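# Structural description and commentary
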Amino acid sequence: MYFYSAPENFNEEMLRGKRVIVTGASSGIGEQMAYHLARMGAHVLLTARTEAKLQKVVERCLELGAASARFVSGSMEDTAFAEEVVKEAENTWGGLDMLILNHIGNSYFNYFDGDVDHIRKLLETNFLSYVAMTVTALPMLKESEGNIVVVSSVAGKAGGPFVAPYSATKFALDGFFSSLRHEFIIDNVNVSITLCILGYIDTDSAMRAVSHAIKVAPSPKEECALEIIRSGALRQRELHYPPGIVSGMLLLRGLAPGFLDTLIRSNVVVENVQRAPPPHGTRVPLAGSPGSGR
Ligand SMILES: NC(=O)C1=CN([C@@H]2O[C@H](COP(=O)(O)OP(=O)(O)OC[C@H]3O[C@@H](n4cnc5c(N)ncnc54)[C@H](OP(=O)(O)O)[C@@H]3O)[C@@H](O)[C@H]2O)C=CC1
Ligand SMILES: C[C@H](CCC(=O)NCC(=O)O)[C@H]1CC[C@H]2[C@@H]3C(=O)C[C@@H]4C[C@H](O)CC[C@]4(C)[C@H]3CC[C@]12C
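Only a predicted model underlies this, so the values are computations on that prediction, with no experimental measurement involved. (Residues numbered from 1 in each chain as written. Chains lettered and ligands numbered in written order. Predicted model: local features only at pLDDT ≥ 70, side-chain atom pairs only at ≥ 80, totals over all residues. Heavy atoms only, no water.)

### Considering the site of ligand 1
For the record, the criterion: When we say a residue is near a molecule or strand, we mean one of its heavy atoms is within 4 Å of it. Distance and chemistry together define a polar contact, namely a pair of N or O atoms within 3.5 Å, with one atom able to donate a hydrogen and the other to accept it when in protein, and with adjacent residues in sequence counting only for side-chain atoms on both sides. Areas reported here follow the Shrake-Rupley algorithm with a probe of radius 1.4 Å; residue values treat only the protein chains shown as occluding. Only DSSP runs of H or I covering at least 4 residues are called helices, and only runs of E covering at least 2 are called strands; the numbering of each starts at the N terminus. In this count, Pro and Cys sit with the nonpolar residues alongside Ala, Val, Leu, Ile, Met, Phe, Trp and Tyr, while Asp, Glu, Lys and Arg are called charged and the others, Gly among them, polar.
Inspection of the region around ligand 1 gives 29 residues, with Arg 49, Thr 50, Tyr 166, Thr 203 and Ser 205 positioned closest. Contact between ligand 1 and Gly 24: an oxygen atom at 3.1 Å from a main-chain N or O atom of the residue. Taking Met 76, its main chain carries an N or O atom lying 2.8 Å from a nitrogen atom of ligand 1. The protein chains hide 91% of the 890 Å² of surface that ligand 1 would expose on its own. For the shell around ligand 1, the secondary structure elements donating two or more residues are α1 (28-39), β5 (147-153), α5 (164-186) and α6 (204-210). Sort the elements by how many residues they give to the shell around ligand 1 and β5 lands first, with 3 residues. Class assignment of the residues belonging to the shell around ligand 1 gives a composition of 11 nonpolar, 16 polar and 2 charged.

Following this line, the structure appears as structure tokens:
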């Protein structure tokens, strides 16, 4: 059941002339979203840390037909930068239609190493900056009756091995934005919130991080990017992509959580995940030895 006044069918014309911020747009899924939006004739404001990459993505967006394309570079580790990006949209466009929150900070695919400070920093980048951008953008999004799109992961709905810090930040997004959605509905705030639950996608960084240790085939980033934009424009509550696999996993989570855990572990080649030796005389191992099934 939809609580927002939501359109039923997607048409790429829906994005023509819309003012859209895409974070994490210098590579991967964010870069592909920028290209789709450009092709659809949207105004795009792109952000990430690497200026040289963003410059190239902006040039390609203009070739593809973007109504306008610009970038702001900086790190989302600093919530002041997150707010600055939204202010840039306000100063340039005087409003905003869609906020796509997609960036993630560097983490690792390995045993949790006990580094609490890494989790704190990752929460700043992957979670608090999303909150800060939402707070700053909300007056403009209320005005346009726009969309907030939050890119998350199956690791933000069901725990899996070797992604403890990352998974924590994605669960935080679900808690915060699912609660906020309730408040919008209670107060008749017509701003949609779409939480995107993604499985394994073939971006360079994900392939580099896990292709040696994951048995499942990755899904294409171009299609994934289009599905994210589509679900945001249709004001859907959640996107599950790839649909069969992710919806199946979430169904199992409710019906047979222990079985889902076994299935998730069976997709990981534990032998190919290197356990780093702890720094001399410091950390105590936090998980069972490889292959112990814990
Ligand atoms: N690929 C996958 O298998 C999956 C991905 N997802 C989600 O999809 C989204 C995109 O992932 P994907 O495309 O693979 O990731 P990429 O690593 O390709 O892209 C990450 C983007 O974030 C930017 N970024 C990194 N650190 C920072 C920082 N400190 N401040 C600001 N920007 C930063 C990067 O640019 P730069 O380095 O220039 O700053 C880059 O543009 C993420 O939310 C991820 O959790 C979810 C499930 C699976
Ligand atoms: C392997 C995980 C999911 C388990 C599974 O069997 N899935 C089937 C399917 O998805 O088709 C992967 C699901 C989410 C992945 C992670 C992710 O969310 C992005 C990360 C970001 C970073 O670029 C490195 C890779 C990721 C940690 C990635 C690793 C694999 C998943 C945990």
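After that view, the rundown keeps rolling.
### What to know about α1
An α-helical turn contains 3.6 residues, so a residue and the one three or four places further along point in the same direction. As a reminder, the rule being used: By this rule, a helix spans an expected 1.5 Å times one less than how many residues it contains. In this scheme, a residue with accessible area under 20% of its type's maximum is buried, one over 50% is exposed, and one in between is partly exposed, where area comes from a 1.4 Å probe on protein chains only.
Look at α1: 17 Å from first C-alpha to last across 12 residues, which is about the 16 Å you get at 1.5 Å a residue. The buried fraction of α1 amounts to 11 of the 12 residues, a majority that puts the element mostly inside the structure. Turning to α1, its buried residues are Gly 28, Ile 29, Gly 30, Glu 31, Gln 32, Met 33, Ala 34, Tyr 35, His 36, Leu 37 and Ala 38. Looking one or two residues past α1, Gly 41 carries a phi angle of roughly 85°, positive in sign.

Bear in mind that shape data such as this cannot, by itself, settle questions of function.
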